[in-house]
Amino acid sequence: MFVLAEFNVLRPEPGLLFWSILIFVIFWYLMSKFAFRPIAQALIKRENHIQDALNDAKKAKDELRKIQTENSKLMEEARAERSKMLKEAKEHRNQIVAEARVAAKEEANKIVAQANQEIESLKKTALLDVKNQVSNIALEVAEKVIQKKLSDDAGQMEYLNDLVKDINLS
Amino acid sequence: MYMNRIFRLSKIVFLAVILLGINSHRLLAQDHEEGGHDDHTEAHHGEAGAHEDGEHVAEFDPANTAFHHISDQNVYSLGFADIPLPCFFYSKSDGWNVFMSSKFGIGHHGNGHYAVDGYVLVESIARRINDESFPKGKIELGEHPYVFEYVTVDGKEKEKVSLSYEGKLYPLENKSTLDGGLMGGGLTSFYDFSPTKNVVSLLLMVLLLFFVFRKIARRYNEDAYRAPKGIQSFMEPIFIFIQDEVAKPFLGHRWQKFLPFLMCLFFLILALNLYGQIPFFGNANVTGNLTFTMALALVTFFVVNLNGKKDYWMHVLWMPGVPVFVKPILTVVEILGLFIKPLTLMLRLAANLTAGHMIIVIFVSLLFIFNDAGQNMIGSVPGLALSVPLTMFMMALELLVALVQAFVFTILTASYIGAAIEEHH
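Residues numbered from 1 in each chain as written. Chains lettered and ligands numbered in written order. Predicted model: local features only at pLDDT ≥ 70, side-chain atom pairs only at ≥ 80, totals over all residues. Heavy atoms only, no water.

To continue, consider helix 5 (residues 231-251) of chain B. All names here are of chain B. Look at helix 5: 28 Å from first C-alpha to last across 21 residues, which is about the 30 Å you get at 1.5 Å a residue. Of all the bends in helix 5, the largest measures some 30 degrees and sits at Q243. For helix 5, the full list of buried residues reads Q232, M235, E236, F239, I242, Q243, V246, A247 and L251. (Helix = DSSP H or I, 4+ residues; strand = E, 2+ residues; numbered from the N terminus. Expected span 1.5 Å × (residues − 1). Bend = angle between axes of the 7 residues up to and from the residue. Buried < 20%, exposed > 50% of the residue type's maximum accessible area, 1.4 Å probe, protein only.)

Residues and elements named next belong to chain B. Taken together, L317, W318, V324, I335 and F339 make up a surface patch of nonpolar side chains, about 480 Å² in accessible area. Structurally, V324 is set in the loop between helix 8 (310-317) and helix 9 (327-370). Classification of V324 by relative accessible area gives exposed; the value is 57%. (Patch = residues over 30% accessible without salt bridge, like charges linked within 9 Å, V, L, I, M, F, W, Y side chains within 5 Å. Areas by Shrake-Rupley, 256 points an atom, 1.4 Å probe, with all protein chains shown as cover. Salt bridge = Lys/Arg side-chain N within 4 Å of Asp/Glu carboxyl O.)

Put simply, chain B has an average pLDDT of 81, and 84% of its residues get 70 or more. The low-confidence segment residues 15-58 of chain B (pLDDT under 50) makes 87 contacts with residues lying over four places distant or belonging to another chain. (pLDDT = per-residue confidence, 0-100. Contact = heavy atoms within 4.5 Å.)

Looking now at the packing of helix 7 (residues 290-306) of chain B against helix 9 of chain B. All names here are of chain B. Packing of helix 7 against helix 9 leaves a shortest axis separation of 8 Å and a crossing angle of 150 degrees. The angle between helix 7 and helix 9 falls in the class roughly antiparallel. In this structure, the crossing between helix 7 and helix 9 has a hand that is right-handed. Here helix 7 contributes L290, T293, M294, L296, A297, T300, F301 and N305 to the contact with helix 9, which in turn contributes L338, F339, P342, L345, M346, L347, L349 and A350. Grouping the constituent residues of the contact of helix 7 with helix 9 by class yields 13 nonpolar, three polar and no charged. (Axes fitted to C-alpha atoms, helices over the stretch in contact; angles between N-to-C directions. Parallel < 35°, antiparallel > 145°, perpendicular 65-115°, else oblique. Left-handed = near helix turned anticlockwise from the far one by under 90°. Nonpolar A, V, L, I, M, F, W, Y, C, P; charged D, E, K, R; others polar.)

This next bit is on the nonpolar core. With 71 residues, the main nonpolar core has F24 and M31 of chain A together with F213, F239, F267 and L268 of chain B as its most contacted residues. Looking at this core, you find at least three residues from each of domain 1 (43-59 + 73-195) and domain 2 (199-421) of chain B. For F24 of chain A, the contacting residues outside a window of four places in its chain are F261, C264, L265, L268, L296 and V299 of chain B. With 14 residues, the next largest nonpolar core counts V122, Y146, Y165 and Y170 of chain B among its residues. (Core = buried A, V, L, I, M, F, W, Y, C linked by side-chain atoms within 4.5 Å. Domains from an automatic or database assignment.)

Residue and element names in this part refer to chain B. For the pair helix 5 and helix 10 (residues 380-421), the least separation of the axes is 8 Å and the interaxial angle reads 25 degrees. The pairing of helix 5 with helix 10 is recorded here as roughly parallel in orientation. Here helix 5 runs over helix 10; the crossing is right-handed. In contact with F241, I242, E245, V246, F250 and L251 of helix 5, helix 10 contributes F407, T410, I411, A414, S415, I417, G418 and I421.

The structure is reproduced here in structure tokens:
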């Protein structure tokens, strides 16, 4: 037995149709105005905001990367500069040392030369002095000889010659 | 420990029996606890002529139970209580009659104890005595006043309900329906404009959705950039899913204009589908009611066609790109299509939901089929063993159907609107 006893779900009823349409249209209006439109707007706003934030983050990251590359480049350059400077300083030092050495040598040579010169002149002075003294002594000797033993001419001559000889040798 | 487990199991089974017992007592139309001699037994086996089996008195009819269960009613029945609803009746002879359905004196099965101004309540549904000789005002009826019989009209079996009052049988008329007799209805002597169980359920869901989404919208309005919280974070993915998977692909750059409409359809259908699923909560079958889906389909029809662009109407009326002799044929097909599209929307949703509800009722009814409507307690065992898992399975399936049907209705509506507003360049 299969009878559509009260199968009114399949019968369109004007009353229910009226209420359904009325309630649905009011619901549609209210939801659209107070709920769905504001939510959709807010979601769009937020979506844009998130997209912007992501774009900004990407940009910032790129910027950062650029800055980092620049930094490392600068560091590299600075390092090269430093080693170059170090090298130059070393060379400079060596040069200064070498120059100083040369100068010192020259100075020393000069001092030595001067000393030699001085020695030479001193020697000359001394020799002159010695000669003077010798000639004085010779004079004294001669005086003495002349004064004492003028009797023996031969012996005196010999003696005189010996004296002269000795003087020349010294 | 073993005993403990058995004890727990028996407790669960006992609870299930009690729950189903309560359910059957109030919700099922055919209940035979009163010695198998209530209105329905009389209907089927007392005065009924056409189907007299006469073998055993307490026959349980799950089909009728299901039909009764899913129908719209003038009473909101919660199982343990009947909440009366306002009644707005209009008849040509009497004009408007407005009163609460509690005036009927809602009794067992939603059968009224009183007739009010020529209206009576039969199985929670108002009917009218189309007989001027019946007294107006509140009239007390006798015991078992309603007489059910099956008559054959034009080769079709039809249930005929009459009122037995002071020895006289008054035929009762159903409210007017717009099916033109196609579904066993038709225009009768009165119209029912009452906010029925379905209307009340619809209102409840509309208010719930409005307050929930208003709350969510307020949070967005306060600060759109704030992270979602609570109900907002629950609804937002669903909202974005419908927005991105339904509105945007079908509607192109004009998606914002139709978004609220699609959202209304989706959330309202989903809410009503799920609300109808809650056991002991009236089980309102709003989205399974053809009238309600017709209302949605009508609105959809107008939204689609009022927004139709030139290209759309060109395609409907004079299809470009086909030979001239084909064009009139296509015009006929396309114009039919204009109406068939919302018609399929209407039928699909109603049929799916109604079928689901009916199957659940029938699976629950298995228990009463097996135990002969409470007369054969041993039969309860296989009845329970079948009905509980099957009902649970069906309810799980119905949860899925609730979502899928709401989604399908929305996506098809979106595609129809999308076809109407599409502009070719």
